[in-house]
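Close look at the chain arrangement
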Amino acid sequence: MRNRKLLTVGLLIFLLFIGCQEDKKMNNDYTLPNQIISDFQLNESVSGRRLYSLVARRAVVWENESRIDVETLAVIFYDDSDRPYSLLTADNGTVWMKTEDLVSRGNVRVETGDSTVLTTDSLAWSNSRRVIHTGAKVTIESPRGVLAGAGLVADAQLSKIEIMSEVRGSSSYEFQP
């Protein structure tokens, strides 16, 4: 009986020691963000020309990973004359600091000045190529009709659109004889 109690106590001490070591290991692997910013704003430009402006409810900056995670974001894209031509909104996203590329996730919506609306669950902006792209399902509604499919590459104005697969749609467009 006494040996059993000693064995039980010894086993408990051993398990506690192992648990403490695991806690130390987990705490050493976790890093805190460099900054947390409320009402975050970012303007991206090239050669003095504004490309886009991003506003977010909150931003978490991870300098070691060269990324900024943003929540409740809105991005305005600008044309060559510095006029806004589309608005992207999403629940959250990531801005990659080195490239200024953007990935948006959750209830993603892009609306243009001509009332074209793109909806999807994730969308990326390639700053170097100046295109938006996704592999997710997309729906594009315009005054002329509705297009849907999976995967997309387009300019931010949604004037040049390529849907990759599963394309379907309807239109009120009438062909002239």
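Cut-offs applied
- Numbering of residues starts from 1 in every chain and runs along the sequence as written.
- In view of the model being predicted, local features appear only for residues whose pLDDT reaches at least 70, and side-chain atom pairs are presented and counted only at 80 or more, with totals across whole chains, interfaces and linings using the full set of residues.
- To obtain the side-chain values, all non-hydrogen atoms of the structure were used and water was disregarded.
- Where helices and strands are cited, they refer to DSSP runs of H or I of at least four residues and of E of at least two residues respectively, numbered from the N terminus.
- We define a polar contact as two N or O atoms separated by no more than 3.5 Å, with the added condition that, inside protein, one atom must be a possible hydrogen donor and the other a possible acceptor, whereas residues neighbouring each other in sequence contribute only through side-chain atom pairs.
- The contact criterion used is simple: two residues touch if any of their non-hydrogen atoms lie within 4.5 Å.
- Residues enter a nonpolar core if they are buried and are Ala, Val, Leu, Ile, Met, Phe, Trp, Tyr or Cys, with the set joined through side-chain atoms within 4.5 Å.
- Think of it in three bands: residues with accessible area under 20% of the maximum for their type are buried, residues over 50% are exposed, and the middle band is partly exposed, with areas taken using a 1.4 Å probe on protein chains only.
- Note on pairing: DSSP must find at least two bridges between two strands before they are called paired.
- Only rings of Phe, Tyr and Trp enter the pairing, Trp through its six-membered ring, and a pair is recorded when the two centres are within 6.5 Å. The plane angle decides the type: under 30 degrees is stacked, over 60 is edge-to-face, the rest tilted.
- For a ring to carry a charge above it, either NZ of a lysine or CZ of an arginine must fall within 6 Å of the ring centroid while also lying within 35 degrees of the normal to the ring plane.

**Overview of the side chain of threonine 94**
Take threonine 94: it is sitting in strand 4 (residues 84–96). Of note is the side chain of threonine 94, whose polar atom sits 3.0 Å from the side chain of aspartate 69. A polar atom in the side chain of threonine 94 sits 3.1 Å from the side chain of arginine 105. Residues within four places of threonine 94 in sequence aside, it is in contact with Arg67, Ile68, Asp69, Val70, Asp101, Leu102, Val103 and Arg105.

**Some points on the environment of tryptophan 62**
Along the chain, tryptophan 62 falls in strand 2 (residues 49–62). Separated by 31 residues in the primary sequence, tryptophan 62 and threonine 31 place their C-alpha atoms 9.3 Å from one another. For tryptophan 62, the contacting residues outside a window of four places in its chain are Thr31, Leu32, Pro33, Asn34, Arg67, Asp69 and Met97. Among the polar contacts made by the side chain of tryptophan 62, one reaches the side chain of aspartate 69 at a distance of 3.3 Å.

**Topic: the nonpolar core**
Ranked by size, the top nonpolar core spans 31 residues in total, and within it Tyr52, Leu54, Leu73, Leu88, Leu118 and Leu152 carry the most contacts. Looking at this core, the elements that each hand over two or more residues are strand 1 (35–46), strand 2, strand 3 (67–78), strand 4, strand 5 (101–112), strand 6 (117–126), strand 7 (131–142) and strand 8 (145–154). The element best represented in this core is strand 2, accounting for 6 residues. Once residues within four sequence positions are removed from consideration, leucine 88 is found in contact with Leu73, Ala74, Val75, Phe77, Ser104, Val108, Arg109, Val110 and Leu123.

**Details of the pairing of strand 5**
For a regular strand, side chains alternate in direction, first toward one face of the sheet and then toward the other. In this structure, strand 4 lies alongside strand 5, joined through 9 bridges in antiparallel fashion. Considered in strand 5, the bridge of valine 95 is made with leucine 102. Linking strand 4 to strand 5, which pair antiparallel, is a turn of 4 residues; within it glutamate 100 sits at a positive phi near 65°. Inspection of the sheet shows strand 5 paired to strand 6 by 8 bridges, in the antiparallel sense. Paired with serine 104 across the strands is leucine 123, a residue of strand 6. What sits between the antiparallel neighbours strand 5 and strand 6 is a turn of 4 residues, in which serine 115 has the positive phi angle 70°.

**A closer look at the packing of aromatic side chains**
What the rule picks out here adds up to 3 aromatic pairs. Measuring from ring centre to ring centre gives 4.8 Å for phenylalanine 77 and tryptophan 125, while their planes differ by 50°; the resulting arrangement is tilted. Taken together, the residues span a long stretch of sequence, with phenylalanine 77 in strand 3 and tryptophan 125 in strand 6 at a distance of 48 residues. No difference in accessibility class separates phenylalanine 77 from tryptophan 125, as the two residues are buried. Chaining the aromatic ring pairs together yields one cluster made of Tyr52, Phe77 and Trp125. Its end group placed over the ring of tyrosine 78, arginine 50 keeps NZ or CZ at 3.9 Å from the ring centre.

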